[in-house]
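For reference, the chains in residue letters:
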Amino acid sequence: MNLPRAIVGQNVRKVEGVKLVTGGPAFTDDIQLPGLLYGKILPSPYAHARIKRIDTRKAKALPGVHAVLTYKDVPRVPHTTAGQAWPEPSPYDTYLLDNKVRFVGDRVAAVAAESRAIAEKALRLIEVEYDVLPAVLGIEEAMAPGAAVIHDEPDSKGIYDASRNIAGYILRGIGDVDEGFRESDRIFEREYRTQRQQHCAIEPHITISWLDGDGRLVIRTSSQVPFHSRRQVAMILQIPVSRIHVIKPRMGGGFGGKQEMLLEDICGALALAARRPVKIEYTREEEFYMARTRHPQILRMKMGVKRDGTILASQLTVVATTGAYGSHSTTVQGNTGSKVLPLYRAEHMRFECHVVYTNTPVAGAFRGYGCPQGFFAQETLVDEIANELGVDPLEFHRQNVIRLGDIDRLSAQLGEGKEGLPRHIRSCSLPECIDRAAAAIGFAGKLKAPPSAGHLKRGVGMACTMQGSGIAGVDWASAFLKMNEDGSFFLQVGAADVGGGADTVLSQIAAETLGVSLDKIVITSGDTDTTPFDVGAYASSTTIISGGAVKKAAEKVREQVLRMAAKMLDAPVENLACGDNRVSAVGGPKKSATMTEIALHSMYKEKTQIMDGASHFNTDSPPPFCATFAEVEVDTETGKVRVLHMATAVDPGVAINPAQAEGQVEGAVAQGIGYALTEELVLDDAGRPMNPNFLDYKILGSKDMPKLTTILVETDEPLGPYGAKSISEVPINGPAPAIANAIFHAIGVRFRKLPIRPEDVLSALREKGNGADD
Amino acid sequence: MKTMEVRLNVNGEAKQWTVAPGDLLLDVLRREGYFGVKRGCEAGECGACTVLLGGKPINSCLMFAAQAEGAEVLTIEGVAHGDALDRLQEAFLDHGAVQCGFCTPAMILNAKALLDRKPHPSEEEVREALAGTFCRCTGYQKPVEAVLAAARGLAR
């Protein structure tokens, strides 16, 4: 009885848009609390040290200081900060405060004081004597015999092999790769390296905590995972979940960096100690090294192919570092295998990965979640193979990529830190994505164009990638709807809009299902007291999983609305339909009731609140697909790579809000170009960050962006609400390999390490003996 | 602590505030409830704290409140015309130029300063005007489109 879609697929304005363009209070810090204290964390100056002595007396005596905490003052509860579903697949190797510090920036102590200046002064008054330990900084050193053991504490749990600094180990596969390589005509094997990238959300991590009138701990925080944070803080501070209220106001960007219980525990502990509201807001510098980064990896990729270009076997061997703590360690790295290798239909696949601890800033979730690293290796190698075989890369991709009706069996082997579920490809427009993005950039013609004369060399490159839509069998969400007298509905979801527009998309799904205009949906999201549970915003799950819950809840409520209208109109339910803010008879005599009339009748005549809720999960994670094409210009005199044009075609299923979906692609491409060319948090030989600011760590500005072409090639995904899959992560995977391949096309040099800096280009050109005057 | 009085005009209203000599304009504006002024880096690098001072965009994290004595300050809260949004605000909404919204006030203020000075900017000039504001969400595509669309609207 559905009318044609009225709201799904429309570029409606963001539901909270007016507030944002007028500067209305929206974000965590947009609140004024009487008696607010400023919390600060004393960061470790050493990469690896034991605290021999710590004396806080002078800090405590400073006027205006209300709390000083060290490891001596807080419960010692091993936990992970990864905002993941219980039981988290990350090791429990982290403590609220500890007597050992494991990276420059690790927590030594925390204070709360009446002003930021007093808090900073108090930090300086804390006397600490360290027993400095040898530090492990490089990935390769971590497992070497004799390396310092970073987690030598006896009470951590879930570490694969603490004595060798191995946080996690994965070995999975399908078929028999050795057999596959024996059957191959050509075998290619290369090593790749990726760097430490930081999320750089413009709103740094921020948490404000206080005790409400009933003595419950309120935590107002910029978090992608309000419910996981509540559960984790309860465990760490040893208070019941029911005594904690987590509020997620609007988030100023997250990109995975806020899929982390990062400040909530220590801010709550300070509020409890001071009995006053406490705010902790990271400075930009702190954000760079005391928050999270993408996992640096060393990847060894091996592929076996037939002479005709058919890929028979692929093997990826990775050593990654999770930094000092194992947050998201095996899950990010699991993705590097499970979401990357199955892009191709090889019979034989093998993925092996060691995730090691080093005394470096902690890695965590970051848009793409292990895929940008894996696809950089795979798509650069595939380009090399096509080139070596003399096969058109477009043809090579078309021939080998996964297609509609296929089953990705590697995903059954490699789930979220355990065995997973097979992925059935029920929707896929990747071939069309390849064609359309290639056409947009003029790929075929430019690939064959003769090299340009002079020092500016142009080139084109491509990459194909995929991702998931939620974690199969793990992610779940719920939604609740209730009707008001004016025919509007309150929609309550646990989902956490990171900024990408989830509140709008979820409202669109509710409005579409209920047959009302968007202004009739009033959404509340991510409040652990007033909204039902949701795992949170990660794994590209919100549209498909939270959206699925909203659709189910709205269908149940629609059923109640129709039954109520049937009574009022004296018509059979099956002859009624919702639409245009009313229920109308279809077929029979013309009758209708407005939603307002139905609500008033229900509430005041029938004494019934129309309301219902639903939960939703999927046992599969339908992949969105993406084809990324880059055109670059390399200056052989300066080594500078200028990206001229990025064309990205994505299969997101149905785009609930196409303009927002395009925005996700454009933002991901910007971060992807940064990953390819400019972004790296650099550490010195003592593990100290050398560029924790926006001058020395370069993210792209408005003038740095190339021309962008964004194409949505929609499909209808049976498992998604109104056919939707996901879009926010997949487009970040392609820019680095597409750009690297375009650089090869331009100057004939393969780059296998990120970022590709001008100095790398110049020295490679020099090595090639193919300098500027070529 | 030593304090001083500063008199300035914010969004068309005369204000007199008691500040400490070292207070940043950013902190004082936020303290006074102008939440549209955002803290992103406190080093003049991200531009999220942009306000217009005498019509020119400045980073309010790089200025003491005391230095705003006698100045005319425009924050995002003063951009709309009563209940009617400014054309730039409408365009940002219509073009999907707002994602998380944290840098949006700064983007709009920078664009306003440009259009006030140059009603028909080129795309390059728009990109130049937005170059002082980092956005990690949008890739700048839709904000640039929004500013150009607003400019076309203004020209009509």
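K.L.:
What am I meant to see in the overall build of chain A here?
P.N.:
Of the regular secondary structure elements, chain A holds 20 helices and 28 strands. Radius of gyration (C-alpha) of chain A: 27 Å, near the 28 Å computed for a compact globule of 774 residues. Seen through its principal axes, chain A has C-alpha atoms that stretch 85 × 70 × 50 Å. Of all 774 residues assigned to chain A, the portion counted as buried reaches 61%. Look at the contacts in chain A between residues 6 or more apart in sequence, and 80% of them connect residues 24 or more apart.

K.L.:
Teacher, can you tell me more about the overall build of chain B here?
P.N.:
Secondary structure summary: chain B contains five helices and five strands in total. Scanning chain B from its N terminus toward the C terminus, one meets helices and strands in the order β-β-α-β-β-β-α-α-α-α. On the principal axes, the C-alpha backbone points of chain B span a range of 50 × 30 × 25 Å. A total of 156 residues make up chain B; the buried ones form 55% of that total. Sequence-distant contacts, at least 24 apart, represent 58% of the contacts inside chain B between residues at least 6 apart.

K.L.:
Explain the pairing of strand β2 (residues 13-19) of chain B to me, please; I cannot follow it from the model alone.
P.N.:
Here is the key point about a regular strand: its side chains alternate between the two faces of the sheet. All names here are of chain B. In this structure, strand β1 (residues 4-10) lies alongside β2, joined through seven bridges in antiparallel fashion. Across the sheet, residue Asn 9 finds its bridge partner in β2, namely Ala 14. Hairpin connection from β1 to β2: two residues lie between these consecutive antiparallel strands, with Asn 11 at a positive phi of about 50°.

K.L.:
In this structure, what is going on with the environment of Arg 409 of chain A? I would like to understand it.
P.N.:
All names here are of chain A. By secondary structure assignment, the location of Arg 409 is in the loop between β16 (407-408) and α12 (410-413). Look at Arg 409 and you get partly exposed, because 15 C-beta atoms sit within 10 Å. Distance in space between the C-alpha atoms of Arg 409 and Gly 701 is 41 Å, their sequence separation being 292 residues. In this structure Arg 409 touches Ile 174 and Pro 422, once residues within four positions along its chain are discounted.

K.L.:
Please clarify how the pairing of strand β9 (residues 206-211) of chain A should be interpreted in this entry.
P.N.:
All names here are of chain A. The element β9 is largely enclosed, with a buried count of five among its six residues. As paired strands, β9 and strand β12 (residues 278-281) are joined by four bridges and run antiparallel to one another. Within the sheet, the bridge partner assigned to Ser 209 lies in β12 and is Val 278. Strand direction decides the pairing type here: β9 and strand β10 (residues 217-221), joined by five bridges, are antiparallel. Each bridged residue has a counterpart across the sheet, and for Trp 210 the counterpart in β10 is Val 218. Hairpin connection of β9 to β10: five residues between the antiparallel strands, including Gly 215 at a positive phi of 80°.

K.L.:
What am I meant to see in the environment of Arg 284 of chain A here?
P.N.:
Its location among the elements puts Arg 284 of chain A in helix α8 (residues 284-290). Counting along the chain gives 409 residues from Arg 284 of chain A to Asn 693 of chain A, while the straight-line C-alpha distance between them is 6.5 Å. Among all residues touching Arg 284 of chain A, those that are not within four sequence positions of it are Pro 204, Asn 693 and Phe 694 of chain A together with Gly 40, Cys 41, Glu 42 and Ala 43 of chain B.

K.L.:
Hey, could you run me through the domain arrangement of chain A in this one?
P.N.:
How big an interface is tends to be reported as the loss of accessible area on association of its parts. Residue and element names in this part refer to chain A. Here chain A is described as being made up of domain 1 (17-25 + 474-617), domain 2 (37-133 + 199-290), domain 3 (158-197 + 293-414) and domain 4 (426-469 + 622-774). Computed over C-alpha atoms, the centres of domain 1 and domain 4 are 39 Å apart. Contacts between the two partners involve 15 residues from domain 1 and, on the opposite side, 15 residues from domain 4. Along the lines of polarity and charge, the residues of the side of domain 1 that touches domain 4 split into four nonpolar, nine polar and two charged.

K.L.:
Sorry, what's going on with the sheet that holds strand β8 (residues 186-193) of chain A here?
P.N.:
All names here are of chain A. Pairing is mixed in the open sheet, where five strands are placed in the order β7-β15-β14-β13-β8. Whereas interior strands pair on both sides, the edge strands pair on one side only; in this sheet they are β7 (166-174) and β8. Averaged over all pairs of adjacent strands, the angle between their axes in this sheet comes to 5°, without regard to strand direction. On the sheet, helix α9 (residues 329-338) packs against β7, β13 (297-305), β14 (311-323) and β15 (348-357) and is oriented at approximately 25° with respect to β7.

K.L.:
What is the right way to read the interface of chain B and chain A from this model?
P.N.:
Of the residues lining the interface, 42 residues belong to chain B; the matching set on chain A comes to 41 residues. Put simply, the parts of the chain that give the side of chain B that touches chain A at least two residues each are α2 (87-94), α3 (104-117), α4 (123-130) and α5 (141-155) of chain B. Considering every element that reaches the side of chain B that touches chain A, the biggest residue donor is α2 of chain B, with four residues. In terms of residue class, the side of chain B that touches chain A is built from 23 nonpolar, eleven polar and eight charged.

K.L.:
Help me out: how do you make sense of the sheet that holds strand β6 (residues 127-132) of chain A in this one?
P.N.:
Read from one edge to the other, the open sheet built from three strands follows the order β4-β2-β6 (chain A), with strand pairing classed as antiparallel. In the strand order of this sheet, the two ends are held by β4 (100-101) and β6 of chain A, each with one partner.

K.L.:
What am I meant to see in the nonpolar core here?
P.N.:
Most often, soluble globular proteins have nonpolar side chains that are buried together. All names here are of chain A. Ranked by internal contacts, the top residues of the largest apolar core, which has 296 residues, are Val 111, Leu 270, Ala 510, Phe 629, Ile 739 and Ile 743. Ranked by residues supplied to this core, first place goes to helix α16 (residues 542-569) with twelve residues. Sequence-distant contacts of Ala 510, defined by excluding residues within four places in its chain, comprise Leu 481, Phe 489, Leu 491, Ile 521, Val 550 and Ala 554.

K.L.:
Looking at this structure, I do not really get the confidence of the model for chain B. What am I missing?
P.N.:
For chain B, the mean per-residue pLDDT works out to 96, and 98% of the residues sit at or above 70. Across the assembled chains, the prediction reports ipTM 0.98 with pTM 0.97.

K.L.:
Hey, could you run me through the packing of α2 of chain B against α3 of chain B in this one?
P.N.:
Between two packed helices, both the angle of their axes relative to each other and the distance between the axes serve to describe the pair. All names here are of chain B. The contact between α2 and α3 brings their axes to 10 Å, and the two run at 130°. As the angle between them shows, α2 and α3 are arranged oblique. When you trace α2 past α3, the crossing you get is right-handed. Of the residues in α3, those in contact with Leu 88, Gln 89 and Phe 92 of α2 are Thr 104, Ile 108, Ala 111 and Lys 112. When the residues that make up the contact of α2 with α3 are grouped by side-chain class, the tally is four nonpolar, two polar and one charged.

Scoring rules and cut-offs
Residues numbered from 1 in each chain as written. Chains lettered and ligands numbered in written order. Predicted model: local features only at pLDDT ≥ 70, side-chain atom pairs only at ≥ 80, totals over all residues. Helix = DSSP H or I, 4+ residues; strand = E, 2+ residues; numbered from the N terminus. Rg over C-alpha atoms; globule rule 2.2 N^0.38 Å. Buried ≥ 20, exposed ≤ 12 C-beta atoms within 10 Å, placed from the backbone. Contact = placed C-beta atoms within 7 Å. Pairing = 2+ DSSP bridges. Domains from an automatic or database assignment. Nonpolar A, V, L, I, M, F, W, Y, C, P; charged D, E, K, R; others polar. Axes fitted to C-alpha atoms, helices over the stretch in contact; angles between N-to-C directions. Core = buried A, V, L, I, M, F, W, Y, C linked by C-beta atoms within 7 Å. pLDDT = per-residue confidence, 0-100. Parallel < 35°, antiparallel > 145°, perpendicular 65-115°, else oblique. Left-handed = near helix turned anticlockwise from the far one by under 90°.

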